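Residue-level structural notes
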Amino acid sequence: MVYTLPIMPELPEVETITRRLSQVLPGKVVAAVDVHAEKSFFGKPSQLVNRKIITVSRRAKMLSIELDSTHSDTQTFLLTHLKMTGQLIYVAGNERVGGGHPTADWTKDLPSAHTRISYHFTDGTALHFNDMRLFGWMKVLDNQQLQEHYEKLGPDINDSAITDTYLFAQFQRRRVPVKQVLMDPSVVCGVGNIYACDALNLARISPFRAANSLSFAEVSTLLAASQEVIDRGIDLQGTTFDGKYVTVDGMAGGYQEKGLAYSREGQPCYNCGSPIQKVKLGGRGTYYCGVCQR
DNA sequence: AATTATGTTGCGGT
DNA sequence: AACCGCAACATAAT
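Residues numbered from 1 in each chain as written. Chains lettered and ligands numbered in written order. Predicted model: local features only at pLDDT ≥ 70, side-chain atom pairs only at ≥ 80, totals over all residues. Heavy atoms only, no water.

**Quick look at the sheet that holds strand β10 (residues 137–142)**
Backbone-to-backbone hydrogen bonds pair the strands of a sheet. The strands run either parallel or antiparallel. A sheet is described by the order of its strands in space; here 5 strands give the open sequence β2-β10-β5-β4-β3, paired in mixed fashion. A strand with exactly one partner marks an edge of an open sheet, and here the two such strands are β2 (41–42) and β3 (53–59). Sheet topology places β3 next to strand β4 (residues 62–67); 6 bridges connect them, and they run antiparallel. The residue of β4 that forms the bridge with Ile 53 is Leu 67. On the sheet, helix α1 (residues 11–24) packs against β3 and β4 and is oriented at approximately 165° with respect to β3. Packing against the sheet, helix α2 (residues 143–150) makes contact with β3, β4, β5 (76–81) and β10, and its axis sits at approximately 130° to β10. (Pairing = 2+ DSSP bridges. Helix = DSSP H or I, 4+ residues; strand = E, 2+ residues; numbered from the N terminus. Contact = heavy atoms within 4.5 Å. Axes fitted to C-alpha atoms, helices over the stretch in contact; angles between N-to-C directions.)

Quick look at the structure:
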């Protein structure tokens, strides 16, 4: 049985992309912007042309590219949300700069049929935004507009500012299954379906438990477990199934080979050896151990 | 071959 | 306020 799981970039995937782009983009000057799909781009290419990239950063699952202010009084940011199938691929000519090779057909020969926006820099390198399903976007924003995109968000799961006290208080307000609350960006950002499944397995907590039924100690355990699997995802450069997510250099991540519960239906739980089960919870595929996750 | 599942976010309605 | 259903879209699996 071959499983093909649609994987969206979660925090570790966007963090991996951010770290790589932080190495290659600062100092680049935009020469031209080709918008292949109007739906994917908010703003005008003329807002970016001739401007230099200063920094690249991440908040939640969004990636922000800051440009210099040479031709404007205000800071300018290019904010990206990859949603389900977005990719950012950096190339020099038609080569992956980091030596990676394409892991899916639509990452070859860029721009491909799924390339929605291409950024060409003055030194001949380019950044391509691929997005098969067209849910993702890139927006040209000023600082105030950028903050508006951030203000409704809870803290990032791997932000040192998040505490078990905060998370417990949030959980106390919610009766829905804990997995849904763990994945709610207004509560905490960065825990998508894969890492939520794995965090709950590591913490040995059932995804079905009402969020407000967890004790303070359980919330504390779950927070630590979530941070552990997210850190592991970052260390392994994210999770790649079926080439949906790839790094900036076109390479697969490594977490899919080290995961705990997600995609492991029928295989033994690493805590207790019982087979991992798959069910649907809140409309999402949920993998868990019915024996040790209580 | 038509139907279904997929996954994030934000919206409107309860 | 919390919760729920749905829409946005393309594609693979059944």
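**A short note on the packing of helix α3 (residues 164–172) against helix α6 (residues 216–235)**
One way to put it is that α3 packs onto α6 with a least axis distance of 9 Å and a crossing angle of 115°. As α3 runs across α6, the sense of the crossing is right-handed. Taken together, the residues of α6 that come into contact with α3 (itself represented by Asp 164, Thr 165, Leu 167, Phe 168 and Phe 171) are Phe 216, Val 219, Ser 220, Leu 222 and Leu 223. Taken together, the residues of the contact of α3 with α6 sort by class into 7 nonpolar, 2 polar and 1 charged. (Left-handed = near helix turned anticlockwise from the far one by under 90°. Nonpolar A, V, L, I, M, F, W, Y, C, P; charged D, E, K, R; others polar.)

**Focus: helix α5 (residues 193–203)**
Turn by turn, an α-helix covers 3.6 residues, leaving residues three or four places apart pointing in a common direction. With 10 of 11 residues buried, α5 is to be regarded as a mostly interior element. When α5 is considered as a whole, its buried residues turn out to be Asn 193, Ile 194, Tyr 195, Ala 196, Cys 197, Asp 198, Ala 199, Leu 200, Asn 201 and Ala 203. Looking one or two residues beyond α5, the residue adopting positive phi is Arg 204, at roughly 55°. (Buried < 20%, exposed > 50% of the residue type's maximum accessible area, 1.4 Å probe, protein only.)

**Points about the pairing of β4**
Of all 6 residues in β4, 6 are buried; the element is thus mostly enclosed. The alternating pattern of β4 places Met 62, Ser 64 and Glu 66 and Leu 63, Ile 65 and Leu 67 on opposite faces, both of which are buried. Hairpin connection of β3 to β4: 2 residues between the antiparallel strands, including Ala 60 at a positive phi of 55°.

**As for the protein's contact with DNA strand C**
Taken together, 11 residues surround DNA strand C, and among them His 114, Arg 133, Arg 173, Arg 174 and Arg 175 come closest. Between DNA strand C and the protein, one listed contact pairs a base oxygen with a side-chain N or O atom of Arg 133 at 2.6 Å. Arg 173 is positioned with one of its side-chain polar atoms (N or O) 2.5 Å from a phosphate oxygen of DNA strand C. A breakdown of the residues in the surface near DNA strand C according to their chemical character gives 4 nonpolar, 2 polar and 5 charged. (Near = heavy atom within 4 Å. Polar contact = N/O pair within 3.5 Å; in protein donor to acceptor, adjacent residues only side chain to side chain.)

**With respect to the pattern of salt bridges**
For the coordinates displayed, the defined rule picks out 9 salt bridges. Of the charged contacts, one joins Arg 59 and Asp 156 as a salt bridge, the two residues approaching to 2.4 Å between their closest N and O atoms. Highlighted residues: Arg 59 in strand β3 and Asp 156 in the loop between α2 and α3, separated in sequence by 97 residues. Judged by relative accessible area, which is 7%, Asp 156 ranks as buried. Linked by salt bridges that have partners in common, Glu 15, Arg 19, Arg 58, Arg 59 and Asp 156 make up one network. (Salt bridge = Lys/Arg side-chain N within 4 Å of Asp/Glu carboxyl O.)

**Section: the state of the cysteines**
Throughout the structure, instances matching the rule amount to 0 disulfides. The cysteine Cys 272 is free of any disulfide, with Cys 289 supplying the nearest cysteine sulfur at 3.5 Å. A relative accessible area of 34% places Cys 272 in the partly exposed class. (Disulfide = S-S within 2.5 Å.)

**Overview of α1**
Here α1 is 14 residues long and its end C-alpha atoms lie 20 Å apart, about the 20 Å a rise of 1.5 Å per residue gives. Counting buried residues along α1, 11 of its 14 residues qualify, which places the element largely inside the surrounding structure. Along α1, the residues that are buried comprise Leu 11, Pro 12, Glu 13, Val 14, Glu 15, Thr 16, Ile 17, Thr 18, Arg 20, Leu 21 and Val 24. Contact partners of the buried residues in α1: β3, β4, β6 (86–92), β9 (125–131), α5 and α6. (Expected span 1.5 Å × (residues − 1).)

**Some points on the nonpolar core**
Counting residues in each nonpolar core, the largest one holds 39 residues, and the members touching the most others are Phe 171, Leu 182 and Leu 222. At the level of secondary structure, the elements contributing two or more residues to this core comprise α3, α4 (178–182), α5 and α6. Aside from chain neighbours lying at most four places away, what touches Leu 222 is Phe 171, Val 178, Leu 182, Ala 199, Leu 200, Ala 203, Ile 205 and Leu 214. Of all hydrophobic cores here, the second largest spans 27 residues; its members include Leu 25, Leu 88, Tyr 90 and Phe 121. (Core = buried A, V, L, I, M, F, W, Y, C linked by side-chain atoms within 4.5 Å.)

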